[in-house]
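# Understanding the architecture of this molecule
Okay, here's what each chain looks like letter by letter:
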Amino acid sequence: MSLLVVGLSHRSAPVSVLERAALSADAQIKLLQDTVAAEPATEAAVLATCNRIELYADVDKFHAGVAELSTLLAQHSGVGLEELTPHLYVHYEDRAVHHLFSVACGLDSMVVGEGQILGQIKDSLAKAQDLHTAGRLLNDLFQQALRVGKRAHSETGIDRAGQSLVTFGLEQLAAGGAVQDWAGGKKALIIGAGSMSSLAAATLARAGVDEIVVANRTFERAERLAQILTDADDNAATARAVEMAAVSGELTRADVVVSCTGATGLVLTAEAITHAVEGRTGQPAVADTAPAEVSTKTPPAPVGDENCPLDLAAVQPGFSVMGEAAVAGMDAATLEQHATWAAGGTVDRRERRTPETDSELITALAATVATVGRIPERRRPERVAERPEPVFFLLDLAMPRDIDAAVHRLAGVRLVDIESLAEASADAPMAADVDQVRRIVSDEVAAFGAAQRAAHITPTVVALRTMAADVVAGEIARLDGRLPDLDERQRGEIRQAVHRVVDKLLHAPTVRVKQLAAEPGGAGYADALRTLFDLDPETVAAVSRAVDSTETKDRPA
């Protein structure tokens, strides 16, 4: 097994990089095709979700594989290799298996324990199978990952350790309150009709919203989702579908908007949300640019202001007049003179200065500058108006984002997106169930590695037994020629006796070599077996191809 994974996720890259590196469906197909066409790789699969992009491959050379897969990711994502490389991670062989199994169990998700990743892994495998880029290794790996993920959810309480991004996002919109209490009586607009949007719609319906409107680029899919919601037994909300062109009008009616599309550009601009807020409230939407608290920060002295004791215009390039660097090298008397000037007073120069008092004053003033971000001026702080309670709730689950991040600054609007979800989930508590899942992952990784190593020697064992059967058949034929007077019963007894002898001679070595090969470092036993019995490498390869062909044909889609 030479499994290699190169990727980036919310753990290794900022959302801005993930957003730009997001792969469209067509880009994923081309990436898979180009990967298997590259020299180091024979199999490939892509796992692309809202917070990760990973390329899995079976490679014959590690360093060449890392270089090739990294280059292909950069080419197809549109992010330059130099910019992308610092955010990439690499896992190889057992570590790569451990990584995928952890992902399948939700341990590597933004929200620990979420189960949506299983569906995304299944979709990735199906795509690789359809394109014939998944061979025996990746088929075995991804199918085992699905089984491990299901085992983790069925045998542990990992579901209690986290939720889906949808549930977590709605909880963030509810600001710590119960989603059912928050959602009751609201009208929801769902933009997109994929799995994430469908889950959001179903969750909101169960939470008690009055109406759900579904908009999608393909109207038929929006209609299908609306019909499913209407037919659901546990859904009391009305549901209807609209064209994407009707979204601007629906924004003024909706209380909650969930957007998750595959669009490469913004679906909802800050201007569109501003108009929607104005349409809802009848008041101009105001950008909230200050924190909801009493500000102790004061504006800096204007550069070059008349009679200012500090020549701020002469500050060396690269120094910030807003920070501590602005006071570097200035004596305490000058700094005090500036503070007095800002307060409209005069400086009493009669007090005798010493290096000690200069040092103390400079230290105190520098500390003040570092705290408030500017040279202090003695002005009264102004009270900033508190941010109003939101009347419009937006959940953006798309990558790249569907909703302009500038919406965060609009008063009366609460926007939760992938970036804010990542911040909110960073300190999520780890449950004891997570430790149990980690043990399951470790056990399954060991079992998978052993199975793969044992499977690696199977073609050699089959070729050995085939060779032995050929030898027996040749000797029986030669015996038939030398002893033509034997009857059929006697020939059968001789044939069975020879087969029993060969089987007994081969049984212990072949069983033992499989056991040894399953252990770490056991890959060399296949080579030893081929050398000891002088097996034809082409015969072993033919058996291996036949095994792979049979497994692929019998494997469920």
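So, how was this worked out
- Residues numbered from 1 in each chain as written.
- Predicted model: local features only at pLDDT ≥ 70, side-chain atom pairs only at ≥ 80, totals over all residues.
- Heavy atoms only, no water.
- Salt bridge = Lys/Arg side-chain N within 4 Å of Asp/Glu carboxyl O.
- Helix = DSSP H or I, 4+ residues; strand = E, 2+ residues; numbered from the N terminus.
- Buried < 20%, exposed > 50% of the residue type's maximum accessible area, 1.4 Å probe, protein only.
- Pairing = 2+ DSSP bridges.
- Axes fitted to C-alpha atoms, helices over the stretch in contact; angles between N-to-C directions.
- Expected span 1.5 Å × (residues − 1).

Next up on the list: the pattern of salt bridges. Taken as a whole and judged by the stated rule, the model has 19 salt bridges. Taking the shortest distance from any N to any O, the salt bridge between Arg 11 and Asp 108 comes out at 2.9 Å. With Arg 11 in the loop between strand S1 (3–9) and helix H1 (15–21) and Asp 108 in the loop between helix H5 (94–104) and helix H6 (116–130), the pair connects residues that are 97 residues apart, well separated along the chain. Overall, the relative accessible area of 13% leaves Asp 108 in the buried class. Where Glu 211 meets Arg 240, a salt bridge forms, and the shortest distance between an N and an O atom there is 3.0 Å. With a gap of 29 residues between them, Glu 211 in strand S6 (residues 211–215) and Arg 240 in strand S7 (residues 238–242) connect regions that are remote in the sequence. According to the relative accessible area criterion, Glu 211 is buried, its value standing at 11%. Judged by its relative accessible area of 29%, Arg 240 falls in the partly exposed class.

In spatial order, the strands read S7-S6-S5-S8-S9-S10; together these six strands make up an open sheet with parallel pairing. The open sheet has two edge strands with one neighbour each: S7 and strand S10 (413–416). Each strand of the sheet is rotated relative to its neighbour by a mean of 15 degrees, with strand direction disregarded. Relative to S7, S6 is paired through five bridges, and the arrangement is parallel.

The end-to-end C-alpha distance of helix H7 (residues 136–155), which contains 20 residues, comes to 28 Å, matching closely the 28 Å that a straight helix rising 1.5 Å per residue would cover. Counting buried residues in H7 gives 14 out of 20 residues, a clear majority hidden from the surface.

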